[in-house]
Amino acid sequence: AMNNYACSLSDPEEKAIWFEKAANNGDSFGYWNLGNLYKDGRGVKQDYSKALSLFKQAASMGNKHAMMEIANMYRFGKGIELDKEKAMDWLNKAMIAGDEQAKMELAYWLITDGQKKDQSLGLKYYMELAQEGNEDALYNLGEFYENIVNDIKHAIFWYRKGALKKELR
């Protein structure tokens, strides 16, 4: 309830107070939201180290959103040293926790990253997402077949499938 109340507030400083109360009561979303305030310097002094600590606390409670924040901090070197390995590990954790975007980003990295290429696993993830009706995965499969495999027939198949899905909405 404290976290939800904090989300309804407009004053970032007051939000920080209530997110902290929620976190102190064991609310993973309280930790995650407070971490975002520290990461962005809203209502509190910007502190990436504190943000990372709060995200890790939320992640230890299974919060997939916090796992994505940690992955992005390592991926882009946001306030910490850039570390692709740690970023991929956290994306994998978020994917296992059920975060669809983490699966999408992990698939992209597995297909395109020169050091850790595993196109078959990346393709498997895209296929799973496409079977669930994920429009971005349908488009990315088209891109994969067009730009990596140079198979325009399969590319058109996936692009069309994605276009038809959008048309049905």
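Below, the discussion takes up the pattern of salt bridges. Oppositely charged side chains are able to pair whenever their charged atoms sit close together. All chains considered together, the criterion is met by 6 salt bridges. Across the salt bridge formed by Arg42 and Asp40, the nearest N and O atoms sit 3.1 Å from each other. Given a relative accessible area of 38%, Arg42 falls into the partly exposed group. Overall, the relative accessible area of 36% leaves Asp40 in the partly exposed class. Of the charged contacts in the structure, one is a salt bridge between Lys124 and Glu128, with a shortest N-O distance of 3.1 Å. One end of the pair, Lys124, and the other, Glu128, are both in helix α8 (residues 119–131), 4 residues apart, so they sit about a helical turn from each other. Taking the relative accessible area as the measure of exposure, Lys124 reaches 43% and is therefore partly exposed. By relative accessible area, Glu128 is classed as partly exposed at 23%. Taken together, the salt bridges that share partners define one network made up of Lys39, Asp40, Arg42 and Glu69.

Another aspect to go through is the side chain of Lys39. Inspection of the secondary structure puts Lys39 in helix α3 (residues 28–40). In this structure Lys39 comes out as buried when scored by relative accessible area, which is 14%. Discounting residues that sit within four places of it in the chain, Lys39 has contacts with Gln46, Tyr48, Ala51, Phe55 and Glu69.

Quick notes on the rules
Residues numbered from 1 in each chain as written. Predicted model: local features only at pLDDT ≥ 70, side-chain atom pairs only at ≥ 80, totals over all residues. Heavy atoms only, no water. Salt bridge = Lys/Arg side-chain N within 4 Å of Asp/Glu carboxyl O. Buried < 20%, exposed > 50% of the residue type's maximum accessible area, 1.4 Å probe, protein only. Helix = DSSP H or I, 4+ residues; strand = E, 2+ residues; numbered from the N terminus. Contact = heavy atoms within 4.5 Å.

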